[in-house]
Amino acid sequence: MCIRDSINAEYGGFNPFTMVLQTRVTEMLGIKHPIIQGGMHYVGYAELAAAVSNAGGLGMITALTQPSAEDLRKEIRKCKGMLNPGIQVGVNLTLLPALSPPDYPSYARVVVEEGIKIVETAGASPEEMIKALKSQGIIIIHKCVAIRHALSAIRYGADIISMDGFECGGHPGNDDVGNMVLLPRAAKTLGVPFLASGGIADGKQLAAALALGCDGINMGTRFMATVEAPIHDGIKKALVDTDERGTMHVMRSVNNTERVFRNPCAIEVAETEAEFPGEFDKIGHLVKGLKYRESFQHTGNTQDSVWSCGQSIGLIDDVPTCQVLIDTVVAEAESIITNRLAGIVSKL
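Definitions and cut-offs
Residues numbered from 1 in each chain as written. Predicted model: local features only at pLDDT ≥ 70, side-chain atom pairs only at ≥ 80, totals over all residues. Heavy atoms only, no water. Salt bridge = Lys/Arg side-chain N within 4 Å of Asp/Glu carboxyl O. Helix = DSSP H or I, 4+ residues; strand = E, 2+ residues; numbered from the N terminus. Buried < 20%, exposed > 50% of the residue type's maximum accessible area, 1.4 Å probe, protein only. Phe/Tyr/Trp six-rings, centres within 6.5 Å; stacked < 30°, edge-to-face > 60°. Arc of directions from axis to C-beta. Polar contact = N/O pair within 3.5 Å; in protein donor to acceptor, adjacent residues only side chain to side chain. Contact = heavy atoms within 4.5 Å. Core = buried A, V, L, I, M, F, W, Y, C linked by side-chain atoms within 4.5 Å. Pairing = 2+ DSSP bridges. Axes fitted to C-alpha atoms, helices over the stretch in contact; angles between N-to-C directions. Patch = residues over 30% accessible without salt bridge, like charges linked within 9 Å, V, L, I, M, F, W, Y side chains within 5 Å. Areas by Shrake-Rupley, 256 points an atom, 1.4 Å probe, with all protein chains shown as cover. Parallel < 35°, antiparallel > 145°, perpendicular 65-115°, else oblique. Left-handed = near helix turned anticlockwise from the far one by under 90°. Nonpolar A, V, L, I, M, F, W, Y, C, P; charged D, E, K, R; others polar.

Undergrad: Sorry, what's going on with the pattern of salt bridges here?
TA: Close approach of charged atoms allows side chains with opposite charge to pair. Under the defined criterion, the tally for this structure stands at 17 salt bridges. Residue Asp215 is joined to Arg24 by a salt bridge in which the shortest nitrogen-to-oxygen separation is 2.7 Å. Residue Asp215 is found in the loop between helix H9 (203–211) and strand E8 (217–219), and its partner Arg24 is found in helix H2 (residues 24–29); the two are separated by 191 residues along the sequence. Of the residues examined, Asp215 reaches a relative accessible area of 6% and is grouped as buried.

Undergrad: What am I meant to see in the packing of aromatic side chains here?
TA: In this description, a pair of aromatic rings is defined by centroid distance and the angle of the planes. Under the counting rule described, the total for this entry stands at 4 aromatic pairs. Pairing Tyr42 with Tyr292 gives two aromatic rings, centres 5.3 Å apart and planes at 75 degrees, and the pair type is edge-to-face. Pair noted here: Tyr42 is in the loop between strand E1 (35–37) and helix H3 (46–54) and Tyr292 is in helix H13 (residues 289–299), with a separation of 250 residues, a long-range link. Looking at Tyr292, the relative accessible area reads 11%, which means it is buried. Judged by centre distance (4.5 Å) and plane angle (15 degrees), the rings of Phe261 and Trp307 are stacked.

Undergrad: Looking at this structure, how should I read H9?
TA: Because each turn of an α-helix spans 3.6 residues, side chains separated by three or four positions end up pointing in the same direction. When H9 is considered as a whole, its buried residues turn out to be Gly203, Leu206, Ala207 and Ala209. Down the axis of H9, the sector holding all buried residues measures 160 degrees, keeping them to one side. Structurally, the start of H9 carries an N-cap: the backbone nitrogen of Lys204 is 3.2 Å from a side-chain oxygen of Asp202. Gly213, located one to two residues past H9, shows a positive phi value of around 110 degrees.

Undergrad: Would you mind going over helix H8 (residues 179–189) with me for this structure?
TA: Among all positions in H8, only Asn179, Leu182, Leu183 and Ala186 are buried. The arc that holds the buried residues of H8, viewed along the axis, is 95 degrees, so those residues lie on one side. Facing away from the buried side of H8, by more than 90 degrees, are the exposed residues Met180, Val181 and Lys188. Looking at the buried side of H8, the elements it contacts are helix H7 (147–156), strand E6 (160–164) and strand E7 (194–197). Gly191 sits one or two positions beyond H8 and adopts a positive phi of about 80 degrees.

Undergrad: Would you explain the nonpolar core in this entry?
TA: General note: in soluble globular proteins, nonpolar side chains tend to be found buried as a group. Formed by 80 residues in total, the largest nonpolar core has its most connected members in Ile161, Met163 and Phe223. No other element matches the 7 residues that helix H14 (residues 322–344) contributes to this core.

Undergrad: Just checking my understanding: could you explain the sheet that holds strand E3 (residues 90–95) for this structure?
TA: As a general point, the strands of a sheet are linked pairwise by backbone hydrogen bonds and lie either parallel or antiparallel. Spatially, the 8 strands line up as an open sheet ordered E1-E8-E7-E6-E5-E4-E3-E2, and their pairing is parallel. Of all the strands in the sheet, the pair left with one neighbour each is E1 and strand E2 (60–62). Taken pair by pair, the neighbouring strands of this sheet meet at an average axis angle of 30 degrees, ignoring direction. One ladder, built from 2 bridges, connects E7 with E8; its direction is parallel. Looking at E8, one finds that Ser197 is bridged to Asn218.

Undergrad: Just to check I follow, could you spell out a nonpolar patch on the surface for this structure?
TA: A cluster of nonpolar side chains, contributed by Ile337, Leu341, Ile344 and Val345, occupies part of the molecular surface with about 350 Å² of accessible area. Position of Leu341 relative to the elements: it lies in helix H14.

Undergrad: I would appreciate a short explanation of the packing of H3 against helix H4 (residues 69–80) in the present structure.
TA: Any two packed helices are characterised by the angle at which their axes cross and by the distance between the axes. Orientation of H3 relative to H4, taken along the N-to-C sense of each, is 40 degrees, at an axis distance of 9 Å. On the basis of the axis angle, H3 is oblique to H4. Between H3 and H4 the crossing geometry is right-handed. Residues Ala46, Glu47, Ala49 and Ala50 of H3 pack against Glu75, Lys78 and Cys79 of H4. Counted by class, the contact of H3 with H4 contains 4 nonpolar, no polar and 3 charged residues.

Here it is, written out as structure tokens:
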């Protein structure tokens, strides 16, 4: 059964492919669908970013996955060569706490020199980066996990906020607030367009996000399980086979909480933290990024490294192309909005 037939069968005879969801985000970014592929370490390469953008969303190249600013320049140029005419991509710049921080000014300079017009920022103390990029006419999407952080980013000049709920893969912060509360709070408070991020994987959630006041969605983990995602098939299989209970938190005791895939390595980290809370040197060897880069790019071993994914793994049951995934998500959302929800409303 094709996408159209399966959605029609579930939601009625309405043809979802005759409509487009238009929001402040689609208008501001110049994209067809209100779907963003968020930055992901060792995943956000040219192949995935181009596939998402060509499918009508907005793909993101992850800057810090590249070893240097000049490597980022090469990746951007590679991606441009894969884009359809008139299509653009963004770049994710995540500001990480580190004893020896990356050369952020050089990465930012390359973004400007290569003509990137949209940047997703994330992480601590984004003021300097946001202001520097805004001065070059770049649209800023700032990803954060708390309303207070979003308000700060807006003061610095962020154009769009990506609100990252507790369900997200990676770093959810320490407030533990899920999207069913976080998103309505954002709608009441922010005053700028915002995206639902964290645990998002299907059209039901896109429709729900729009109802909660969002202007679109940001998906990370769901895009890992696509044909074009440049990671090992073993990782993709694990995302399909695992349910919503298959994640856990680590590194909370060192104030760097991360939601990761539940496996023996992650469990060892949690047990070590319980015994030695706050002592990063006891777990550092287990959580090194190079370990999960090896899993993602070479071995496909899901058990011997600590790697990020969100609770959306409970909603992943296939590995489609980005085009099929985006078409399916949008079609499902449109059908729900125009058919199921419209049918619920009745006049007295």
